[in-house]
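# Commentary on secondary and tertiary structure
Spelled out, the chains give:
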Number of protein chains: 2
Amino acid sequence: MPTRAEIEALDRNDPLAGFRSEFTLPPGVIYLNGNSLGPMPTKAAVRAAEAATQEWGVGLIRSWNTAGWFAAPYKLGDRLAQLLGADAGEMVVTDATGLNQFKAVAAACALRPDRRVIVMEGSNFPTNNYMVQGLAAFLGQGHDIRFVEKDGILDAITDDVAVVALTHVHYKSAHVLDMAAITAKAHAVGALTVWDLCHSAGAIPVDLHAAQADFAVGCTYKYLNGGPGSPAFIFAAKRHHAAMQQPLSGWWGHAAPFAFDRDYRPAEGIGRMLTGTQAIISMQAAEPGIDLAVRADKHLAWAKARTMGDLFIAQVEEKLGVDMFRLDSPRDGHQRGGHVALAHPHGYPIMKALIEAGVIGDFRAPDTLRFGFSPLYLRYTDVADAVDILTDIMARDVWRDERFQAKDAVT
Amino acid sequence: MPTRAEIEALDRNDPLAGFRSEFTLPPGVIYLNGNSLGPMPTKAAVRAAEAATQEWGVGLIRSWNTAGWFAAPYKLGDRLAQLLGADAGEMVVTDATGLNQFKAVAAACALRPDRRVIVMEGSNFPTNNYMVQGLAAFLGQGHDIRFVEKDGILDAITDDVAVVALTHVHYKSAHVLDMAAITAKAHAVGALTVWDLCHSAGAIPVDLHAAQADFAVGCTYKYLNGGPGSPAFIFAAKRHHAAMQQPLSGWWGHAAPFAFDRDYRPAEGIGRMLTGTQAIISMQAAEPGIDLAVRADKHLAWAKARTMGDLFIAQVEEKLGVDMFRLDSPRDGHQRGGHVALAHPHGYPIMKALIEAGVIGDFRAPDTLRFGFSPLYLRYTDVADAVDILTDIMARDVWRDERFQAKDAVT
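Computed from a predicted structure; not experimentally measured.

### Thoughts on the interface of chain B and chain A
Listed per partner, the contact involves 78 residues of chain B and 82 residues of chain A. With both sides pooled, the region where chain B packs onto chain A buries about 6,900 Å², and carbon together with sulfur makes up 72% of that total. When the buried surface of chain B facing chain A is broken down by residue, B:Trp56, B:Tyr130 and B:Phe138 rank first, second and third, together holding 13% of it. In this structure, the connection of chain B to chain A is made through zero salt bridges. For the pair chain B and chain A, the interface holds 27 residue pairs in polar contact (both at pLDDT 80 or more). At the level of secondary structure, the elements contributing two or more residues to the side of chain B that touches chain A comprise β3 (40–41), α2 (42–59), α3 (63–66), α5 (97–111), α6 (126–139) and α9 (280–295) of chain B. When residues of the side of chain B that touches chain A are assigned to their parent elements, the largest contribution, 10 residues, is made by α6(B).

Next up, the structure:
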């Protein structure tokens, strides 16, 4: 178990330590919820203000040309491609994750017209399932979602499967699926894959090309620190570009948007995954966070996130014992995403008490506390301090206070 | 023809004149492109900065509860309902117009499962057509889009029609369709209507209830001044709420988003038109513009927009003659939306020269110049001044200069 001095030494020797100064973090807060909404890069506020007052306020309609509004999805997509093992031209930043999921699964289904089974994880973040349920019902061709859990995935990929649509890192437990092995099995039976990287991008190793991934989607507001509801990304491997189609065929995805043709004709390449006008202020504000994630050495960032998670587990078990919380995440850091899930029957008031004490994590019903270890702004000492605060809350039964029992609308 | 003194008197007596001070307008610009992107309400910059630095930067994840992020689509929708003749609970502000069009047409088609014809205007803004083409292809049930032009609409609504999906004000000519008469014809044959209000909301009279409209969509960045790509709106009449379904069934549209159920169960009411996490900074920045449009007396705003358009046409014909430009919009202000379209074979360089001279309108291929008369920040003297500048450009052949010939990427 590392001593305090050793933990402080980890910070002193952290080659990523300089990135912390790029963020605006409220005083008195240890922010362990970057797995839900990353904090604000200082430049994001500058970009949001600039997008409003300069690009909109002064540039007005001219900014479509002069401020690069139309090109932004491609520009940010090309940058993210560097982080995720894709090529320029294979990714755009656009719309929201669920919409991109709809597009990607629809495109994959259309590429496998003779098959009707979609494999998904039943315990996945529900919006993925909901979106594909909506798609399947609407296709009206008898598509069937085969829900399995992680240990049953490989066996569920049989030769009637059209699409395997999975989230790389589980939103609750943080278990990591083996993207390469699952994709290989899918390809072996003639199926395609759609990977949701919401909890992966910026936190753990992702190499879309190495895994031979077909399609991928994800948000930019967790470990990419793009801002609340910042636009999501969508990836399609170049080998699918010529044949892929998706139903949300808006004018930004048209081969010649300003020709104002009556009939849809898809753009060449990844552009056909675009729909329509993007939320520009949110898009521009997302750029600094994406830039930071791309600028940081990704191998160092992944290693730091893993080491912080390992340290958190070790500190919790040392200071609180192994019985007080149930570890719901893989102990092996290589099997785990960027967050750690602890379960406790009184998880809700415990998290409320932690938040009041300045340690922000989150809660997922019925009993999960999630703690995210985002590598660019957290210090190893933050991890240790957070565990000390948790230890104090448990030792003094702080969480039993009545004010921590009332449920918020959004939990 | 009004004299300059009479035009100045119109401004002095304009009961909406005070609204101009709510906007930040760049000096030296007469902005006649609010039909494409409205200018910035000064408070929008404040809200964008606040959403970034305070809500995101300081509130972090807590702002889902404390800054009303989750409730914003409903709150803004309820406000807009006041402007558009709907009830609270019939409208949400969310996603982009094309996506909302997709949802609304899909929902309407599902409510008319035995019919396969969708009536649309062939010359409509293309993304509407593209989205419905994408929808029809993916439905794979033989839905057929019956493209007609305005004079053929009523006759095209026969008893095989499922949905009539039209734009209330034409993006190019600004002709207004008779929402009540077309909806009545649709209902008489058992069809449903989807109205796109992009060029109507905030510019001309809209009363969704009086017209018995079924569904409607529209953007908030034109006459509602919500900012570049600000979230759009979607309306569904209460009578359809219980039965309507749409395929983009994300978690924000779920009956209990935080129960994390595996299966989709739609929210009661308009909430089922929501998909997922919204671009919050853009959403918050849109609020001041929507507020201004709702706060202004709508009858006065509609009358002013119409009077400015009338004045523009009269001034152009007085100063440039009736032959130099072809009037492509209805002369009758009650048949016209908020903009006026003039055609000229050299429309592109003429518009570029106008923009350089500080009069910002826009150009639509092959020969249309559009001038938008948004009622909350323009003065009648701006209209007269713009025509004087156009007159000068034509008299001196300024537009023939080589620098005005090169095409921009986005026109």
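### Some points on the relation of the copies chain B and chain A
Laying chain B over chain A is done by rotating through 180 degrees and shifting 0.0 Å along the axis; what remains is an RMSD of 0.0 Å. Here the copies are linked by what is in effect a two-fold axis. Here 100% of the contact residues of chain B are again contact residues in chain A; the copies associate through an equivalent surface.

### Describing the pairing of strand β7 (residues 161–167) of chain A
Residue and element names in this part refer to chain A. Of all the seven residues making up β7, seven are buried; the element is thus mostly covered by neighbouring parts of the structure. Here strand β5 (residues 117–121) runs beside β7; their pairing, made up of three bridges, is parallel. From the neighbouring strand, Val-117 faces β7, where its bridge partner is Val-161. Across five bridges, β7 lies against strand β8 (residues 192–196) in parallel orientation.

### Structural notes on the domain arrangement of chain A
Residues and elements named next belong to chain A. Once the domains are mapped, chain A shows domain 1 (4–31 + 297–404) and domain 2 (46–295). Each of domain 1 and domain 2 has a C-alpha centre, and these two points are 29 Å apart. Each partner contributes residues to the interface: domain 1 has 25 residues there, and domain 2 has 21 residues. A buried area of about 1,900 Å², summed over both sides, lies between domain 1 and domain 2, and 57% of it is on carbon and sulfur atoms. One can count zero salt bridges joining domain 1 with domain 2. Seen at the junction of domain 1 and domain 2, the total is 11 residue pairs in polar contact (both at pLDDT 80 or more). Secondary-structure elements contributing two or more residues to the side of domain 1 that touches domain 2 are α10 (298–320), β12 (339–343) and β15 (368–372). Sort the elements by how many residues they give to the side of domain 1 that touches domain 2 and α10 lands first, with three residues. Class assignment for the residues of the side of domain 1 that touches domain 2 results in 11 nonpolar, seven polar and seven charged.

### Thoughts on the packing of α5(B) against α6(B)
Residue and element names in this part refer to chain B. Where α5 contacts α6, the axes come no closer than 9 Å and their chain directions differ by 45 degrees. Comparing their axes, α6 and α5 come out oblique. At the point where α5 passes α6, the crossing takes the right-handed sense. Listed contacts from α6 to Gly-98, Leu-99, Gln-101, Phe-102, Val-105 and Ala-106 of α5 are Asn-128, Met-131, Val-132 and Leu-135.

### So, the pattern of salt bridges
Residues and elements named next belong to chain B. For the coordinates displayed, the defined rule picks out 52 salt bridges over all chains. Residues Arg-20 and Asp-382 are paired through a salt bridge, measuring 3.5 Å at the closest nitrogen-oxygen approach. Separated by 362 residues along the polypeptide, Arg-20 in the loop between α1 (4–12) and β1 (23–24) and Asp-382 in helix α12 (residues 380–395) bring together distant segments of the chain. Taking the relative accessible area as the measure of exposure, Arg-20 reaches 24% and is therefore partly exposed. On the basis of relative accessible area, Asp-382 is assigned to the buried category, the value being 5%. Across the pair Asp-291 and Arg-79 runs a salt bridge, and its minimum N-O distance is 2.4 Å. With Asp-291 in helix α9 and Arg-79 in helix α4 (residues 72–84), this residue pair connects regions lying 212 residues apart in the sequence. The exposure class of Asp-291 is partly exposed, given its relative accessible area of 25%.

### Notes on the sheet that holds strand β5 (residues 117–121) of chain B
Residues and elements named next belong to chain B. Spatial strand order, β4-β10-β9-β8-β7-β5-β6: seven strands in an open sheet with mixed pairing. Each end of this open sheet is capped by a strand with a single partner; those strands are β4 (91–93) and β6 (144–148). Averaged over all adjacent pairs, the angle separating strand axes in this sheet is 15 degrees, with direction ignored. Sheet contacts for α4: β4 and β10 (233–236); angle to β4, the most-contacted strand, approximately 125 degrees.

### Section: the packing of aromatic side chains
Within this structure, the stated rule accounts for 35 aromatic pairs over all chains. Measuring from centroid to centroid gives 5.8 Å for A:Phe138 and B:Phe102, while their planes differ by 70 degrees, and the two rings are edge-to-face. Of this pair, A:Phe138 sits in helix α6 (residues 126–139) while B:Phe102 is found in helix α5, placing the two residues in two different chains. A single burial state applies to A:Phe138 and to B:Phe102, both of which are buried. Following the ring pairs from residue to residue traces out a cluster consisting of A:Trp64, A:Trp69, A:Phe70, A:Trp251, A:Trp252, A:Phe258, A:Phe260, B:Phe125 and B:Tyr171. When the ring centre of A:Tyr348 is taken as reference, the NZ or CZ atom of A:Lys407 above it lies at 4.7 Å.

The rules behind each value
- Residues numbered from 1 in each chain as written.
- Chains lettered and ligands numbered in written order.
- Predicted model: local features only at pLDDT ≥ 70, side-chain atom pairs only at ≥ 80, totals over all residues.
- Heavy atoms only, no water.
- Contact = heavy atoms within 4.5 Å.
- Buried area = accessible area lost by both parts, 1.4 Å probe.
- Salt bridge = Lys/Arg side-chain N within 4 Å of Asp/Glu carboxyl O.
- Polar contact = N/O pair within 3.5 Å; in protein donor to acceptor, adjacent residues only side chain to side chain.
- Helix = DSSP H or I, 4+ residues; strand = E, 2+ residues; numbered from the N terminus.
- Least-squares fit on C-alpha atoms with pLDDT ≥ 70 in both.
- Buried < 20%, exposed > 50% of the residue type's maximum accessible area, 1.4 Å probe, protein only.
- Pairing = 2+ DSSP bridges.
- Domains from an automatic or database assignment.
- Nonpolar A, V, L, I, M, F, W, Y, C, P; charged D, E, K, R; others polar.
- Axes fitted to C-alpha atoms, helices over the stretch in contact; angles between N-to-C directions.
- Parallel < 35°, antiparallel > 145°, perpendicular 65-115°, else oblique.
- Left-handed = near helix turned anticlockwise from the far one by under 90°.
- Phe/Tyr/Trp six-rings, centres within 6.5 Å; stacked < 30°, edge-to-face > 60°.
- Lys NZ or Arg CZ within 6 Å of the ring centre and 35° of its normal.

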